[in-house]
Amino acid sequence: MPATPQSIISDVTEVILNYVRQASQELQVAPNTEKNYQTQLQAIEEEINAMEETLTSAQTSLNARIVQRKKHRNSMIRFNQLPLEIASNILWLSIVDPWPRKDYYSFLKRQQTISQVCSLWRILVEGSPRFWSIIELPCPLAAISHLLDKSQFSGLDINNFEDSRYMGRSTQMRYLSLIAPHTHRIRSLTLFLQHPDGLVAVLEKPAPMLEELKLDADPYNVVQALDLFCGQASRLRDVTLQNIAVRWDSDVLAGLRSLRIKEKLECLPTKELVRRLLAANLGLEKMDIEAWDDPDTDNFGENAAQSIVEGKPSRVVMSNMKS
């Protein structure tokens, strides 16, 4: 049976004490001449070096033994006996469901906590691109680049917090310039922005993986009307736009499940375009369209008139619509 860690420490301690006793005795009996003095010093130095090597070797062996026993212990845990794919899925769900988006870096904190539990969990996190696919802004630029690299070809979920919209024009542009080359693999995009700077670079490319879009810009910095994602976002189902001028006849705004628009009156779709939107979205569950004269009003639907569109399974809420 292998020696326990405590017995190894005791053995090493006894060896060191024996060396010290022997050196002390030799110093007492040796003639006090200069030659013997130098010889004794050299001998003691060699003994010290030997003891240090012995101690280092024992410590290395002890550390290796501890690591071995920890791995053995971890391998006996029921969870770690699951197939790796199943274990990876459970760890992933523990991070993203539910995802507390109100806290800065909540995703990264959960990811780091899980990867520090044991070596197997760290291997699962490090080796799976999806564990690096959620990007929360604001975030250090180096961290964003690292996440984009580690996520490889996985779909991206990008979110910035509403109270971070005033991050500064230059900072915002740097964030968006890093994200823009990856528009083709964005799965969900939520942006609260003070300035439109850099946004066009993200929105002007096809987004074949996009499923959810939420854009909210400062009402005093309306973006020029865009054909979102060049009309190519076939998976898009949920759209929320506030203060974002877009082409309302774009192919992107078709086949939706929900559409929420809150905009200045002059930028809203006409009733004719609303009817066209309804025709292009037969499976639409809810459409909220609201014009605001006061950009400081609250969220969608306030004081909005409700009407049921005959023959369609949709609920349309509109207020102050232009003819």
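Rules and cut-offs
Residues numbered from 1 in each chain as written. Predicted model: local features only at pLDDT ≥ 70, side-chain atom pairs only at ≥ 80, totals over all residues. Heavy atoms only, no water. Phe/Tyr/Trp six-rings, centres within 6.5 Å; stacked < 30°, edge-to-face > 60°. Helix = DSSP H or I, 4+ residues; strand = E, 2+ residues; numbered from the N terminus. Buried < 20%, exposed > 50% of the residue type's maximum accessible area, 1.4 Å probe, protein only. Core = buried A, V, L, I, M, F, W, Y, C linked by side-chain atoms within 4.5 Å. Contact = heavy atoms within 4.5 Å. Polar contact = N/O pair within 3.5 Å; in protein donor to acceptor, adjacent residues only side chain to side chain. Arc of directions from axis to C-beta. pLDDT = per-residue confidence, 0-100. Salt bridge = Lys/Arg side-chain N within 4 Å of Asp/Glu carboxyl O. Patch = residues over 30% accessible without salt bridge, like charges linked within 9 Å, V, L, I, M, F, W, Y side chains within 5 Å. Areas by Shrake-Rupley, 256 points an atom, 1.4 Å probe, with all protein chains shown as cover. Lys, Arg positive; Asp, Glu negative; His and termini not counted. Charge placed at Lys NZ, Arg CZ, Asp CG, Glu CD. Axes fitted to C-alpha atoms, helices over the stretch in contact; angles between N-to-C directions. Parallel < 35°, antiparallel > 145°, perpendicular 65-115°, else oblique. Nonpolar A, V, L, I, M, F, W, Y, C, P; charged D, E, K, R; others polar.

Taken as a whole and judged by the stated rule, the model has 2 aromatic pairs. Centroid distance Phe79 to Trp121: 5.2 Å. Interplanar angle 65°. Geometry classified as edge-to-face. Of this pair, Phe79 sits in the loop between helix 2 (34-75) and helix 3 (84-96) while Trp121 sits in helix 5 (residues 119-127), placing them 42 residues apart in sequence. Like Trp121, Phe79 is buried.

This part covers the nonpolar core. The biggest cluster of nonpolar side chains holds 63 residues, and the ones touching the most others in it are Leu137, Leu189, Leu213, Phe229, Leu253 and Leu259. With near-sequence residues (within four places) excluded, Phe229 lies in contact with Thr183, Val202, Leu203, Lys205, Pro206, Ala207, Leu210, Leu213 and Val252.

A positive phi is found at Phe229, a non-glycine position, where the angle reads about 55°. Relative to the helices and strands, Phe229 is located in the loop between strand 5 (223-226) and strand 6 (238-242).

As for its position among the elements, Ser188 is in strand 3 (residues 186-193). Of the polar contacts made by the side chain of Ser188, one reaches the side chain of Asp157; its length is 2.8 Å. Setting aside residues no more than four positions away along its own chain, Ser188 makes contact with Leu156, Asp157, Ile158, Leu210 and Glu212.

Turning next to helix 9 (residues 271-280). Within helix 9 the residues assigned to the buried category are Val274, Leu277 and Leu278. The buried residues of helix 9 occupy one face: seen down the axis, they fall within an arc of 100°. Exposed positions of helix 9 whose direction lies more than 90 degrees from the buried face are Arg275 and Arg276.

Topologically, Arg257 is positioned in the loop between strand 7 (244-246) and strand 8 (258-263). Of the residues examined, Arg257 reaches a relative accessible area of 38% and is grouped as partly exposed. Look past the residues within four positions of Arg257 in its chain and what remains in contact with it is Arg237, Asp238, Gly283, Leu284, Glu285 and Lys286. Polar contacts involving the side chain of Arg257 include one to the side chain of Asp238, which spans 2.4 Å.

When pLDDT is averaged across the protein, the result is 77; 74% of the residues are at 70 or more. The secondary structure element of the protein with the lowest average pLDDT is strand 10 (residues 305-308), at 37, and the one with the highest is strand 6, at 91. Within the model, pLDDT remains below 50 along residues 294-315, and this stretch shows 46 contacts once partners closer than five positions in the same chain are excluded. Scored below 50 in pLDDT, residues 319-323 makes 19 contacts in the model with residues more than four places away or belonging to other chains.

The next subject is the pattern of salt bridges. If you walk through the whole model with that rule in mind, you get 8 salt bridges. Its salt-bridge partner being Arg247, residue Asp227 comes within 3.5 Å of it at the nearest N-O pair. With a gap of 20 residues between them, Asp227 in the loop between strand 5 and strand 6 and Arg247 in the loop between strand 7 and strand 8 connect regions that are remote in the sequence. The partner of Arg257 in a salt bridge is Asp238, with the nearest N and O atoms 2.4 Å apart. Of this pair, Arg257 sits in the loop between strand 7 and strand 8 while Asp238 sits in strand 6, and the two are 19 residues apart along the sequence. Residues participating in the shared-partner salt-bridge network are Asp227, Arg247 and Asp249.

Together, Glu45, Glu46, Glu52 and Glu53 give the surface a local cluster of negative charge. Tracing the sequence through the fold places Glu45 in helix 2. Classification of Glu45 by relative accessible area gives partly exposed; the value is 45%.

Our focus in this paragraph is helix 5. Of all the residues in helix 5, the buried ones are Trp121, Leu124 and Val125. End-on view of helix 5: buried residues confined to an arc of 95°, all on one side of the axis. The exposed set on the far side of helix 5, more than 90 degrees from its buried face, consists of Ile123 and Gly127. At its buried positions, helix 5 is contacted by helix 3 and helix 4 (106-115).

Here we come to the packing of helix 6 (residues 141-150) against helix 7 (residues 169-179). Taken N-terminus to C-terminus, the directions of helix 6 and helix 7 make an angle of 10°; their axes are 10 Å apart at the nearest point. Judged by the angle between their axes, helix 6 and helix 7 are roughly parallel. Of helix 7, the residues touching helix 6 (which contributes Leu141, Ile144, Ser145 and Leu148) are Arg174, Tyr175 and Leu178. Of the residues that constitute the contact of helix 6 with helix 7, the class distribution is 5 nonpolar, 1 polar and 1 charged.

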